[in-house]
Structures are given as structure tokens and as C-alpha cells.
Amino acid sequence: MSKSSETGFRDYLGEYAYDLSAACMVWEPVEGERDEGGNPVYGIQYREIKDLDKLLDSPDTAFLLYFHAAVYGEDGGITAVVEELAERLEGKVTVVTLDAGEFSELVSKYNITLLPEFVLHRSGAEDKVFGTSERGSWTMQEVADWLGG
């Protein structure tokens, strides 16, 4: 069973995509996977974002923007930690992965100087930057606490 009901932000999502500069992590059934009882198995899936601006303007949805540097590849399992965070906070926050190299305007807007970085975005509210550069290191629990979850 899905952890949350369908929401309007899903209107701006496309196909499954694991190699795009922008994607949305969503809790959905894993295609072709069933448990012993024949029920769908759910997990974090990456979906193409058809229109980032409209997605982020979705009312009643909080987004955690996860800025990373795809050019450096996977760094110490951070993506796995973010996926776990996306699952844990599903229904409260939706994670959007953004390649900092492709979204330099947003990197400048949020004054991001160190990656990875997180920004909490709610339509109609002031955005909050986690502050990786000031913290040095962090744990998933610290990010969850910062988000209030």
C-alpha cells in the first residue's frame, strides 16, 4: 500500500529516469516486484520532472531539493542515505535531486558553496538552506531533525 495519496505534483512527473540532471524521488510500486503474498513491493523510484517550476509551485507539497555533483559520481553512499531519507519522510517532504552543474542559477540563488546541499522549499514560504558548508559533516538524522521529521 502506498504511504501517501496521489497529489497534484505528480502531474509534472514523467517516466522513470535514473540518469537525468533533475528527478523526483517518489514512493511507488517497483515494477514487476511482488512479495510472498502477491502484493506490490514499494520503493523509492526516480521520475523525470517535466516542468520544475510548476512542480515546485505545487500547493500543499514540501520539497527537499538535494543538490549534488553528478560529474563526481557516487560519493560515499550519500545517494543511498538520501533515498532512505525520502522513504522515511514520504508524505511530509518530496525529494527532488538536482545536478548542481546543470542548475547553476539555483546554486547561486541559494549561495551553495559545498555539495551535497539541501534546500527546503514550500510554495508561498521562504526557502531554508541546510548549510552543509557550516556543518562540515552531517547524518541522515540531522537532516531529518532539521526538516522537523
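Everything discussed here concerns the structure shown above.
Since the model is a prediction, treat every value here as computed from it, not as a measurement.

**Brief notes about the nonpolar core**
No. 1: Ranked by size, the top nonpolar core spans 24 residues in total, and within it Leu64 and Phe118 carry the most contacts.
No. 2: Counting only elements with at least two residues in this core, the list comes to strand S2 (22-34), strand S3 (40-49), strand S4 (62-68), helix H2 (78-88), strand S6 (117-122) and helix H5 (140-147).
No. 3: Counting residues per element, this core draws most heavily on H5, which supplies five residues.
No. 4: The contacts of Phe118, once residues within four sequence positions are left out, are Leu64, Leu65, Tyr66, Val82, Lys128, Val129, Phe130, Trp138, Val143 and Trp146.
No. 5: Membership of the second largest hydrophobic core comes to 21 residues, among which are Leu13, Leu55, Val107 and Tyr110.

**Overview of the sheet that holds S4**
No. 1: Taken in spatial order, the seven strands of this open sheet run S1-S3-S2-S5-S4-S6-S7, and their pairing is mixed. Two strands close off the open sheet at either side, each with one partner strand: strand S1 (13-16) and strand S7 (128-129).
No. 2: Sheet topology note: the S4/S6 ladder contains six bridges and is antiparallel. Among the inter-strand pairings, Leu65 is bridged to a residue of S6, identified as Val119.
No. 3: Docked against the sheet, H2 engages S2, S3, S4, strand S5 (94-99) and S6, running at close to 110 degrees with respect to S3.
No. 4: Sheet strands touched by H5: S4, S6 and S7. Its angle to S6, the strand with the most contacts, is close to 25 degrees.

**Quick look at the pattern of salt bridges**
No. 1: Summed over the entire model, instances satisfying the criterion amount to two salt bridges.
No. 2: Linking Glu28 and Arg10 is a salt bridge whose minimum nitrogen-to-oxygen distance equals 2.9 Å. Of this pair, Glu28 sits in strand S2 while Arg10 sits in the segment before S1; the two residues are 18 residues apart in sequence, bridging distant segments of the chain. For the residue pair Glu28 and Arg10, the accessibility class agrees, reading buried in each case.

About the thresholds
Residues numbered from 1 in each chain as written. Predicted model: local features only at pLDDT ≥ 70, side-chain atom pairs only at ≥ 80, totals over all residues. Heavy atoms only, no water. Core = buried A, V, L, I, M, F, W, Y, C linked by side-chain atoms within 4.5 Å. Buried < 20%, exposed > 50% of the residue type's maximum accessible area, 1.4 Å probe, protein only. Helix = DSSP H or I, 4+ residues; strand = E, 2+ residues; numbered from the N terminus. Contact = heavy atoms within 4.5 Å. Pairing = 2+ DSSP bridges. Axes fitted to C-alpha atoms, helices over the stretch in contact; angles between N-to-C directions. Salt bridge = Lys/Arg side-chain N within 4 Å of Asp/Glu carboxyl O.

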